[in-house]
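Notes for the structure review
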Amino acid sequence: LRSLGVGEGAGGSEADAAVDLNATNFGAFLKASPEPWAVVEFFAHWCPACRNYKPHYEKVAKLFNGRDAAHPGIILMARVDCASKVNIELCNRFSVDHYPFLLWGPPTKFSSAKWDHKQENSEIKLIDDGRTAERLLNSFSLEDKRYENESMLPKNSSDPQQIVQAIYDVEEATAHALEIILGHKMIKPENRDSLIRFLQILVAHHPSKRCRRGSAELLINFDDHWPSNLSLSSQESYKLLENVTEENSWVCGKEVPRGYWMFCRGSKKETRGFSCGLWVLMHSLSVQIGDGESQSTFTSICDFIHNFFICEECRKHFYEMCSSVSVPFKSARELSLWLWSTHNKVNERLKKEEKDLGTGDPSFPKVLWPTNQLCPSCYRSSKISDGALDWNEDEVYQFLVNYYGSTLVSSYKETYMESLLHEKKTVSEDSLTSNTASVPIGAALGVAIASCTFGALACFWRAQQKNRKQRKNWN
Ligand SMILES: Cc1cc2nc3c(=O)[nH]c(=O)nc-3n(C[C@H](O)[C@H](O)[C@H](O)COP(=O)(O)OP(=O)(O)OC[C@H]3O[C@@H](n4cnc5c(N)ncnc54)[C@H](O)[C@@H]3O)c2cc1C
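Residues numbered from 1 in each chain as written. Predicted model: local features only at pLDDT ≥ 70, side-chain atom pairs only at ≥ 80, totals over all residues. Heavy atoms only, no water.

**Some words on helix H9 (residues 209-220)**
Spanning 12 residues, H9 covers 16 Å between terminal C-alpha atoms, matching the ideal 16 Å at 1.5 Å per step. Looking only at H9, the buried set comprises Lys209, Arg210, Cys211, Gly214, Ser215 and Leu218. (Helix = DSSP H or I, 4+ residues; strand = E, 2+ residues; numbered from the N terminus. Expected span 1.5 Å × (residues − 1). Buried < 20%, exposed > 50% of the residue type's maximum accessible area, 1.4 Å probe, protein only.)

**Regarding the pairing of strand S3 (residues 75-81)**
For S3, the buried fraction is high: seven of the seven residues fall into the buried class. Judged by which residues are buried, S3 turns out to be covered on both faces: Ile75, Met77, Arg79 and Asp81 on one side and Leu76, Ala78 and Val80 on the other are all buried. Direction of pairing for strand S1 (residues 19-21) relative to S3: parallel, over a ladder of three bridges. Looking at S3, one finds that Asp20 is bridged to Arg79. Examined bridge by bridge, strand S2 (residues 37-43) and S3 share seven bridges and lie parallel to one another. (Pairing = 2+ DSSP bridges.)

**Re the state of the cysteines**
Defined simply, a disulfide is a covalent bond joining two cysteines at their sulfur atoms. By the definition in use, this model includes six disulfides. Residue Cys264 pairs covalently with Cys276 via a disulfide, S to S 2.1 Å. Between Cys264 and Cys276 the disulfide shows an S-S torsion of about -65°. By sign, it is left-handed. Taken as a pair, Cys264 in the loop between helix H11 (235-248) and helix H12 (274-288) and Cys276 in helix H12 lie far apart in primary sequence, 12 residues in all. Assessed through its relative accessible area of 0%, Cys264 is described here as buried. Covalent S-S linkage joins Cys375 and Cys378, the inter-sulfur distance amounting to 2.0 Å. (Disulfide = S-S within 2.5 Å.)

**Section: the packing of helix H13 (residues 294-308) against helix H15 (residues 332-357)**
Two numbers describe how H13 lies on H15: the axes approach to 8 Å, and their chain directions differ by 30°. As summarised for this structure, H13 and H15 are arranged roughly parallel, according to the angle between their axes. Handedness of the crossing formed by H13 with H15: right-handed. Between H13 and H15, the residues in contact are Ser294, Thr297, Phe298 and Cys302 and Ala332, Leu335 and Trp338, respectively. Classifying every residue of the contact of H13 with H15 gives five nonpolar, two polar and no charged. (Axes fitted to C-alpha atoms, helices over the stretch in contact; angles between N-to-C directions. Parallel < 35°, antiparallel > 145°, perpendicular 65-115°, else oblique. Left-handed = near helix turned anticlockwise from the far one by under 90°. Contact = heavy atoms within 4.5 Å. Nonpolar A, V, L, I, M, F, W, Y, C, P; charged D, E, K, R; others polar.)

**Brief notes about the environment of Cys311**
Relative to the helices and strands, Cys311 resides in the loop between H13 and helix H14 (312-323). Judged by relative accessible area, Cys311 falls into the partly exposed class, the value being 25%. When the C-alpha atoms of Cys311 and Ser275 are compared, they prove to be 9.1 Å apart, with 36 residues separating the residues in sequence.

**Details of empty space enclosed by the protein**
Applying the stated criterion to the full structure yields two cavities of 30 Å³ or more. Computed from the structure, the largest cavity encloses a volume of approximately 80 Å³. Here the residues of the lining of the largest cavity are counted per class, giving 11 nonpolar, one polar and no charged. (1 Å grid on protein atoms, 1.4 Å probe; cavity = no way out; pocket = protein on both sides within 12 Å on 5 of 7 lines; lining within 4 Å. Points joined across faces, edges and corners; volume = space filled by probe spheres on them.)

**Things to note about the site of the ligand**
Surrounding the ligand, one finds 25 residues, the nearest of these being Arg272, Glu313, Trp340, His343 and Tyr404. A distance of 2.8 Å separates an oxygen atom of the ligand from a polar atom in the side chain of His343. At 3.1 Å, a side-chain N or O of Arg349 approaches an oxygen atom of the ligand. For the ligand, the protein covers 90% of the area, taking 940 Å² as the surface of the free molecule. Here the shell around the ligand takes eight residues from H15, the largest share from any one element. (Near = heavy atom within 4 Å. Polar contact = N/O pair within 3.5 Å; in protein donor to acceptor, adjacent residues only side chain to side chain. Areas by Shrake-Rupley, 256 points an atom, 1.4 Å probe, with all protein chains shown as cover.)

**Details of the confidence of the model for the protein**
When pLDDT is averaged along the protein, the result is 77; 73% of the residues meet or exceed 70. Across residues 142-154, confidence stays below pLDDT 50; counting only partners more than four residues off in sequence or on other chains, it has 17 contacts. Two numbers describe this predicted complex: its pTM, 0.67, and its ipTM, 0.99. (pLDDT = per-residue confidence, 0-100.)

**A look at the nonpolar core**
Core analysis: the biggest nonpolar cluster contains 71 residues, and Val280, Phe318 and Trp338 have the highest contact counts within it. In this structure, Phe318 is in contact with Trp279, Met282, Ile301, Cys302, Ile305, Trp338, Leu339 and Thr342, ignoring residues within four places of it in sequence. Grouped together as the second largest cluster of nonpolar side chains are 27 residues, Val80, Cys91, Phe94 and Leu126 included. (Core = buried A, V, L, I, M, F, W, Y, C linked by side-chain atoms within 4.5 Å.)

**So, the packing of aromatic side chains**
Applying the stated criterion across every chain, the model contains 23 aromatic pairs. Summarising the aromatic geometry, the rings of Tyr53 and Tyr57 are spaced 6.1 Å apart at their centres and angled 45° between planes, so their arrangement reads as tilted. Taken together, the positions of Tyr53 and Tyr57, both in helix H2 (residues 48-64) and four residues apart, correspond to about one turn of that helix. Comparing Tyr53 with Tyr57 shows no difference in burial state: the two are buried. (Phe/Tyr/Trp six-rings, centres within 6.5 Å; stacked < 30°, edge-to-face > 60°.)

**Observations regarding the pairing of strand S4 (residues 101-105)**
The buried fraction of S4 is high, at five of five residues. Burial along S4 is two-sided: Phe101, Leu103 and Gly105 facing one way and Leu102 and Trp104 facing the other are all buried. Judged from the five bridges that link them, S2 and S4 form a sheet pairing that is antiparallel. Bridge pairing in S4 links Val39 to Trp104. Here S4 pairs with strand S5 (residues 125-126) via two bridges, running antiparallel. Across the sheet, residue Trp104 finds its bridge partner in S5, namely Lys125.

Here you go:
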């Protein structure tokens, strides 16, 4: 899991945010990292300067890594103990000649490349002055006020490209949902079928291919883990559950859930996140299905929320809305629009509640969605007639299809095409998402390009390339 470095490996402790890597996991972990940038500290556990430097590195790592990170998803901060025998060859590969020794660059480059001081055009660069936390941060240009402001500003909710980032949140929500289901031992004989039906939809229509694959594997093994004739209150069933918990929560790959949200990140720790990710997942499913699946998908979504969404009020209200549907759905369009209008009903109710109680996220107030800025053509007129907005439902549906369909998965697709062109070799369809290596990284680059924080980092990156200084030895 993503917490690999926390409390594990050489030099790890409970509080560590920097990820401890070694020769065995270095390549695979960096390849699968969704962050567009990585910093790797090569150190030796016996080196006193490294011990003194550790709190500085850790301070910066906490900003970028872990559940409480202020800037998640931008830079992976990792470390390798070169004094450990298994890592000698790895450290040689990067020409480590003093400690601590810091390199940074795109994670994929680390996983595959060698590095030495003479390599002028390498995308991996030496950080030649990161001696204190402040200086290390300076080297990322984070004291640049422009960057600070950009990263702190609420995301521009009228920018349709923001949804590109949500592919990670859909993966996160899927894995998180499963973690909750397993953690709370929620699978019971009476709701087991409902989970199977929901997983079947994920296998066919989840926007992330590795979640589709993970869901399929879960289904293949479902009967072994949760035999239909066993009651989960029996000792045997609990034993079965204990054996499968961790492995089975890897429905979207080992590194998910990552512990942070991108599109669904609130301005406060307790807002948005999982419930936002769940909505996005449901909307993305509703635009993927075929007309013939619309009624069964509706039933599966309703049952899944009813049985497995652990927010009591939410599932109750949602189920009431599901129960009020009397005519079966005949098309994907009908289902997408129903989900959209149901979500808007929830928004409307919460808008008032959050205003009265002050419990909402001030940067993401509830609105009737999509706003006029996001989709002007969705409105026939902005006037409210009979207490309702005059929506153009054809335009709304078209917008939903683009937003939750093609735009949401666009970074995956771009990366796939890029990798084909770049590597000039045949890449099987499988590698698109089943290979946890190439796609999340590339997708993250797509995401990063769409994200404003990336601008400052990219500027810094270019500046660094122009102004490469003489490296310094810190010992
Ligand atoms: C099934 C369900 C029922 C819920 N019921 C309750 C409840 O009863 N009480 C409660 O307090 N909380 C409830 N929640 C949580 C609540 O709806 C929000 O998810 C939460 O408050 C976080 O809000 P958010 O600002 O992240 O936006 P969310 O409402 O989570 O929406 C996520 C994203 O979806 C997009 N979006 C917004 N509206 C629509 C729409 N109409 N159609 C398509 N896309 C849209 C926007 O881009 C938005 O950022 C429920 C959540 C779910 C999944």
